[in-house]
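# Residue-level structure breakdown
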Amino acid sequence: MILVGDFNLTPWSPYYRRLIGETKLHNTRLGFGILPTWPRPTTYANLPSWILPSINIPIDHCLINQHFGVVKIHVGANHNSDHAPLINDLVLRPNANITSTTN
């Protein structure tokens, strides 16, 4: 399972911790740094340039189950969005016992 998106939650939120606890998914950022994705300067041009780096937070996430491993992760270039993309290079772990859940 891979769950990706703008959760509007930081990893320090109790709601985020509850999601991780109930799903047993793994945040791909672990071991790679905080990697903030929001906000981006092009959409908040009216703010002083010095303030944006100090308020950047990680609210876009990629969560994976035990069948995947993380090779690399980084924040991509901004493309006129208030979020930067979170680029994940994932691998399927060898011997992963995967069953299809599609109909």
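Just above, that's the structure.
My aim in this report is to walk through the structure given alongside it, one point at a time. (Residues numbered from 1 in each chain as written. Predicted model: local features only at pLDDT ≥ 70, side-chain atom pairs only at ≥ 80, totals over all residues. Heavy atoms only, no water.)

### Quick notes on the overall build of the protein
The secondary structure content of the protein amounts to 2 helices and 5 strands. Counting from the amino terminus, helix and strand elements in the protein follow one another as β-α-β-α-β-β-β. Expressed as lengths along the three principal axes of its C-alpha atoms, the size of the protein is roughly 50 × 30 × 30 Å. Looking at the 103 residues of the protein, the share that counts as buried comes to 29%. Residue pairs at least 24 apart in sequence account for 65% of intrachain contacts in the protein once pairs closer than 6 positions are excluded. Counting every atom, the protein has about 6900 Å² of accessible surface; 59% of that belongs to carbon and sulfur. Between the averaged position of the 7 positive side-chain charges in the protein and that of its 5 negative side-chain charges there is a distance of 9 Å. (Helix = DSSP H or I, 4+ residues; strand = E, 2+ residues; numbered from the N terminus. Buried < 20%, exposed > 50% of the residue type's maximum accessible area, 1.4 Å probe, protein only. Contact = heavy atoms within 4.5 Å. Areas by Shrake-Rupley, 256 points an atom, 1.4 Å probe, with all protein chains shown as cover. Lys, Arg positive; Asp, Glu negative; His and termini not counted. Charge placed at Lys NZ, Arg CZ, Asp CG, Glu CD.)

### Some remarks on the pattern of salt bridges
Taken as a whole and assessed by the stated rule, the structure comprises 2 salt bridges. A salt bridge links R18 to E22, with the nearest nitrogen and oxygen atoms 3.0 Å apart. Of the two residues, R18 and E22 are both situated in helix α1 (residues 14-23); the distance of 4 residues between them amounts to about one turn of the helix. The exposure class of R18 is exposed, given its relative accessible area of 54%. (Salt bridge = Lys/Arg side-chain N within 4 Å of Asp/Glu carboxyl O.)

### Brief notes about the environment of L86
Among the structural elements, L86 can be located in strand β5 (residues 86-92). When neighbours within four sequence positions are excluded, L86 is seen to be in contact with R29, L35, T37, D60, H61, C62, I73, H74 and V75.

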